[in-house]
Amino acid sequence: MLYKMGEKKIYVRKTFLGNCRRLLEKIVPQTTDLYKWLYLNAVRFSSKKRNERKKYLSFKYHTVDGCNLNCSGCSTFSPLVDNSFVDAKSFENDIKHITKLGYVEKMELIGGEALLHPNILELIEISRKYIEKGELSLVTNGILLLKKDEKFWESCRKNKIGIKITPYPIKLDIDKILEFAEKYDVNLGYYYGGSKIHFCKYPLNMDGRGDMNKNFNRCDSSCCATLRDGKMYICCRTYSVKFFNEYYGQEFKVLEKDYKDIYAVKDADELLDFMCKATPFCRYCDLDKSKFGIPWGITKKEIGEWI
Ligand code: SF4
Ligand code: SF4
């Protein structure tokens, strides 16, 4: 059964951009220049607020590099990766350290597909052990949710981990998932305000001559700080581009200014200052050539899906 956004007791976080997306999707076809113009302006209009320096730490932890869905144009290049996972010990060191730096208000366990992690229960337990009060959630495409046993649901309940499903147009038994969520008293939500029937593409531009600040202010990924193996990036693309480089023999450069080593910063303020600004990697993102209304589909691993 295909499911619709906002159906039943599934929670959708209300954000300005999410609301805009839902509204625009109803009134303007995504393939038109008008949609692109309106959406990019909505992103620009909200960028000041979205990119304002935060008081507390809020980020995604990239737990798994690969995925079991392999969408065309995937923003984390997951279809190009032979699966790899964060090591549980390294994850624990990172979470322990970052919570010493400052208060973590929110963390999302994400991928790729986070449920592919062989020790996902351990990651959940570690997360709540150190992030005692902040909001924790696990982001998934939902495919493996019904294969998870009682221990998984019980751990989500005990550790107050919400589950957020990205609404791809795939068959999911959402009634059954909801039944489990209700049975175990786990908060179930959608990850994305809008439908994923269509994808958008922010092409990578190999000449890297873009204006990093202009791109950052028109990018809806600009508030998506991503942590992995001790390094904080302003978005997942900067972390994951190495998979694109490896697969296609490209050389998009990630410089030292593109991330912060969480073990080298003096405090959370240094991280928070970094997380709200463009980094040199933003020069590669060709927002002028962004394309909307690309029908969702499975990747053919053609380079044109990303450039
Ligand atoms: S489900 Fe998400 S992470 Fe997986 S391939 Fe699709 S876009 Fe990428
Ligand atoms: S590198 Fe910058 S412009 Fe590109 S996706 Fe990330 S935040 Fe957006």
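Heads up: the structure comes first, above all this text.
First things first, this report covers the structure right here in the doc. Here, residues in each chain are numbered from 1, in the same order as that chain's written sequence. Chains carry letters and ligands carry numbers; both start at the beginning, A for chains and 1 for ligands, and go up in the order they are written. The model is predicted, so local features are restricted to residues of pLDDT at least 70 and side-chain atom pairs to those at 80 or more, both for listing and for counting; the totals for chains, interfaces and linings are taken over all residues.

Structural notes on the site of ligand 2
Every one of the 13 residues lining ligand 2 counts as a neighbour, but Cys219, Ser221, Cys235, Cys282 and Cys285 are closest to it. Only runs of H or I of at least four residues qualify as helices and only runs of E of at least two qualify as strands under DSSP, and these elements are numbered from the N terminus. Elements with a contribution of two residues or more to the shell around ligand 2: helix H7 (212-217) and helix H8 (236-248). Class assignment for the residues of the shell around ligand 2 results in 8 nonpolar, 4 polar and 1 charged. We call a residue near a molecule or strand when the C-beta position, derived from backbone atoms, sits within 6 Å of it. Throughout, the ten residues Ala, Val, Leu, Ile, Met, Phe, Trp, Tyr, Cys and Pro are labelled nonpolar, Asp, Glu, Lys and Arg are labelled charged, and all others, Gly among them, are labelled polar.

Concerning helix H9 (residues 268-275)
Residues are called buried when their C-beta atom has 20 or more other C-beta atoms within 10 Å, exposed when it has 12 or fewer, and partly exposed otherwise; all C-beta atoms are positioned from the backbone. If you check which residues of H9 are buried, you get Ala268, Leu271 and Met275. Along the long axis of H9, the arc covered by the buried residues comes to 60°, so they all point the same way. For H9, exposure combined with an orientation more than 90 degrees from the buried face picks out Asp269 and Asp273. Contact between two residues is assigned whenever their backbone-derived C-beta positions fall within 7 Å. Where H9 is buried, its residues contact strand E2 (57-62), helix H3 (88-101), strand E9 (231-233) and strand E10 (259-261). The directions from the helix axis to the C-beta atoms are what the arc is built from.

Digging into the site of ligand 1
Near ligand 1 you find 13 residues, and of these Cys67, Leu69, Cys71, Cys74 and Asn141 are the closest. Taken together, the residues of the shell around ligand 1 break down into 5 nonpolar, 7 polar and 1 charged.

Regarding the packing of helix H4 (residues 120-130) against helix H5 (residues 150-158)
Each pair of packed helices can be described by the angle between their axes along with the distance between the axes. With axes taken as lines fitted to C-alpha atoms, and helix axes fitted only over the stretch in contact, angles between N-to-C directions fall between 0 and 180 degrees. Two numbers describe how H4 lies on H5: the axes approach to 10 Å, and their chain directions differ by 15°. Regarding the angle of H4 to H5, the classification is roughly parallel. As for how H4 packs across H5, the hand of that crossing is left-handed. On H5, the residues that touch Leu121, Ile124 and Glu125 of H4 are Lys151, Phe152, Ser155 and Cys156. For the contact of H4 with H5, the per-class residue count stands at 4 nonpolar, 1 polar and 2 charged. For classification purposes, an angle smaller than 35 degrees is called roughly parallel, one larger than 145 roughly antiparallel, one from 65 to 115 roughly perpendicular, and anything else oblique. Handedness of a crossing is defined here by the sense of rotation of the near helix relative to the far one, left-handed for an anticlockwise turn of less than a right angle and right-handed for a clockwise turn.

Quick word on the environment of Lys54
Here Lys54 shows up in the loop between helix H2 (33-50) and E2. Note on Lys54: 17 C-beta atoms within 10 Å, which makes it partly exposed. In this view, Lys54 contacts Leu272 and Cys276; residues no more than four positions away in its chain are not counted.

Description of the environment of Thr238
Mapped onto the elements of the fold, Thr238 is located in helix H8. Here Thr238 falls in the buried class, since 24 other C-beta atoms lie within 10 Å of it. Between the C-alpha atoms of Thr238 and Lys54, which are 184 residues apart in sequence, the distance is 20 Å.

Examining the packing of H3 against H4
In contact at an axis separation of 9 Å, H3 and H4 are set at 15° when each is read in the N-to-C sense. In this view, H3 runs roughly parallel relative to H4, as classed from their interaxial angle. Viewed along their axes, H3 and H4 form a crossing whose handedness is right-handed. Here H3 contributes Ala88, Phe91, Glu92, Ile95, Lys96 and Thr99 to the contact with H4, which in turn contributes Glu122, Leu123, Ile126, Ser127 and Tyr130. Class assignment for the residues of the contact of H3 with H4 results in 6 nonpolar, 2 polar and 3 charged.

Concerning unusual backbone geometry
The step from Gly111 to Gly112 runs through a cis peptide bond, and the omega angle for that step is 25°. You can see Gly112 is positioned in the loop between strand E3 (104-110) and H4. Despite not being glycine, Asn70 has its phi angle at roughly 60°, a positive value. Take Asn70: it is sitting in the loop between E2 and H3. Residue class for Asn70 comes out partly exposed when judged on the 16 C-beta atoms lying within 10 Å of it. The backbone phi angle of Lys160 is positive, close to 50°, even though this residue is not glycine. Its location among the elements puts Lys160 in the loop between H5 and strand E5 (161-165). Residue classification places Lys160 among the partly exposed residues on the basis of 15 C-beta atoms within 10 Å.

Limitation: the analysis is restricted to geometry and does not speak to function.
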